[in-house]
Amino acid sequence: MSRILLVEDEPGLVLTLTDRLHSEGYEVETAGDGPGGLELACTKRFDLIVLDVMLPGRNGFDVCRDLRQTGDTTPVLMLTARGEVVDKVLGLKIGADDYQTKPFEMIELLARIEALLRRTSVEPLPQQEAVQFGGVEVRFDEAIVYRDGEPVQLSAQMFKLLKHFVLNPGVVISRDDLLNEVWGHDAIPSTRTVDVHVAWLRQRIEKNPHRPEFLLTVHGLGYKFVTTEADTG
């Protein structure tokens, strides 16, 4: 049974969502403010966090950012009453995996929840416990990335993308293949989404994101991950 943390301050919506999620077979815990949601997320294990943006005490953006800074990669689905593109981009950039604008149809929210849970559950753990390159360490068993000993802020989707790269060193991978392997065949994102996530990964693991050493662009073909000069071709 998947465990979901719902961080929402509207009592009516909390009751409605909790009842529906229970009826769908999910185990649900709730928090009514930002600090409470962050404490639960940091002290208990959840398979998914549904996080409202407008929360008392601490907004959802801050909660998501603080959670990612601890190295936690639990998928985060943000709920927002705002429709501006800048808010959606900010949510994704600080580590959220998806967003749902209020008001919404319950069936659409459930579909997004199912898609996020499916993406994180179908991928088997690799044989290695960790991979190191430069000052970066990727720990597969803990789903945490460190750079120079400090945890790196990554969403679950960014971690999956990085893991796919490091498990296929020296292999040129097309954007379409990355969408299929990392986001899934039924994913909504476009190839532009891959470019954006690669750019965000470079900001987090490369010494100079504008002159990457590890995540290289192969023009006209896609990307490849290299760790030695011999791999650059």
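These remarks concern the structure in this document.

Quick look at the packing of helix α2 (residues 34-43) against helix α3 (residues 60-69)
One can describe the packing of α2 onto α3 by two numbers: an axis separation of 10 Å at closest approach and a directional angle of 25°. Classified by the interaxial angle, the pair formed by α2 and α3 is roughly parallel. Our pair here, α2 against α3, has a crossing hand that is right-handed. Residue-level inspection shows Gly34, Leu38, Ala41 and Cys42 of α2 in contact with α3, the latter providing Val63, Asp66 and Leu67.

Observations concerning the packing of aromatic side chains
Counted by the stated rule, this structure contains 2 aromatic pairs. Here Phe133 and Phe225 contribute two aromatic rings whose centre-to-centre distance is 4.9 Å and whose plane-to-plane angle is 75°, an arrangement assigned as edge-to-face. On the criterion of sequence distance, the pair formed by Phe133 in strand β6 (residues 130-133) and Phe225 in strand β11 (residues 222-225) is long-range, its members being 92 residues apart. For Phe225, a relative accessible area of 1% corresponds to the buried category.

A few points about the sheet that holds strand β8 (residues 144-147)
Taken in spatial order, the 4 strands line up as β6-β7-β8-β9 in an open sheet, and their pairing is antiparallel. Every other strand in the sheet has two partners, leaving β6 and β9 (150-151) as the edge strands with one partner each.

Some details on the sheet that holds strand β4 (residues 76-80)
In space, the 5 strands of this open sheet follow the order β2-β1-β3-β4-β5, with parallel pairing throughout. Two strands bound the open sheet, and with one partner strand each, they are β2 (27-31) and β5 (98-101). Strand-to-strand twist of the sheet, defined as the mean angle between neighbouring strand axes without regard to direction, takes the value 20°. As judged from the 4 bridges shared by strand β3 (residues 48-52) and β4, these two strands associate in the parallel manner. The residue of β4 that forms the bridge with Val50 is Leu77. Packing of α2 onto the sheet brings it into contact with β1 (3-7), β2 and β3, and relative to β2 it is tilted by some 140°.

Concerning the nonpolar core
In a soluble, globular protein the nonpolar side chains are often hidden away together inside. Formed by 29 residues in total, the largest nonpolar core has its most connected members in Phe133 and Phe165. Broken down by secondary-structure element, the contributors of at least two residues to this core are β6, β7 (136-139), α6 (156-166), α7 (175-183), α8 (191-205) and β11. The element best represented in this core is α6, accounting for 6 residues.

A look at α3
Counting buried residues along α3, 7 of its 10 residues qualify, which places the element largely inside the surrounding structure. Among the residues making up α3, those that are buried are Gly60, Phe61, Val63, Cys64, Asp66, Leu67 and Arg68. For α3, the side-chain oxygen to backbone nitrogen distance between the N-cap and Phe61 is 3.0 Å, and the N-cap itself is Asn59. Note on α3: the residue one or two positions beyond its end, Gly71, has a positive phi of about 95°.

Here's the deal with the packing of α6 against α7
Between α6 and α7, the shortest axis-to-axis distance is 10 Å and the interhelical angle comes to 120°. With respect to their mutual orientation, α6 and α7 come out oblique. The handedness of the crossing between α6 and α7 is right-handed. In this structure, α6 contributes Gln157, Lys160, Leu161, His164 and Phe165 to the contact, and α7 contributes Leu178, Glu181, Val182 and Trp183. Of the residues contributing to the contact of α6 with α7, the split by class is 5 nonpolar, 2 polar and 2 charged.

Examining the pattern of salt bridges
Under the defined criterion, the tally for this structure stands at 17 salt bridges. Close ionic contact of Glu10 with Lys102 constitutes a salt bridge, the shortest N to O distance being 3.1 Å. One end of the pair, Glu10, is in the loop between β1 and α1 (11-23); the other, Lys102, is in the loop between β5 and α5 (106-121), and 92 residues separate them in sequence. Residue class for Glu10 comes out partly exposed when judged on its relative accessible area of 38%.

Remarks on the environment of Ser155
Structurally, Ser155 is set in the loop between β9 and α6. Distance in space between the C-alpha atoms of Ser155 and His197 is 9.9 Å, their sequence separation being 42 residues. Here Ser155 is in contact with Arg68, Thr73, Gly95, Ala96 and Asp97, once residues within four sequence places are set aside. Engagement of the side chain of Ser155 in a polar contact is seen with the backbone nitrogen of Met158, the distance being 3.1 Å.

Conventions we followed
Residues numbered from 1 in each chain as written. Predicted model: local features only at pLDDT ≥ 70, side-chain atom pairs only at ≥ 80, totals over all residues. Heavy atoms only, no water. Axes fitted to C-alpha atoms, helices over the stretch in contact; angles between N-to-C directions. Helix = DSSP H or I, 4+ residues; strand = E, 2+ residues; numbered from the N terminus. Parallel < 35°, antiparallel > 145°, perpendicular 65-115°, else oblique. Left-handed = near helix turned anticlockwise from the far one by under 90°. Contact = heavy atoms within 4.5 Å. Phe/Tyr/Trp six-rings, centres within 6.5 Å; stacked < 30°, edge-to-face > 60°. Buried < 20%, exposed > 50% of the residue type's maximum accessible area, 1.4 Å probe, protein only. Pairing = 2+ DSSP bridges. Core = buried A, V, L, I, M, F, W, Y, C linked by side-chain atoms within 4.5 Å. Polar contact = N/O pair within 3.5 Å; in protein donor to acceptor, adjacent residues only side chain to side chain. Nonpolar A, V, L, I, M, F, W, Y, C, P; charged D, E, K, R; others polar. Salt bridge = Lys/Arg side-chain N within 4 Å of Asp/Glu carboxyl O.

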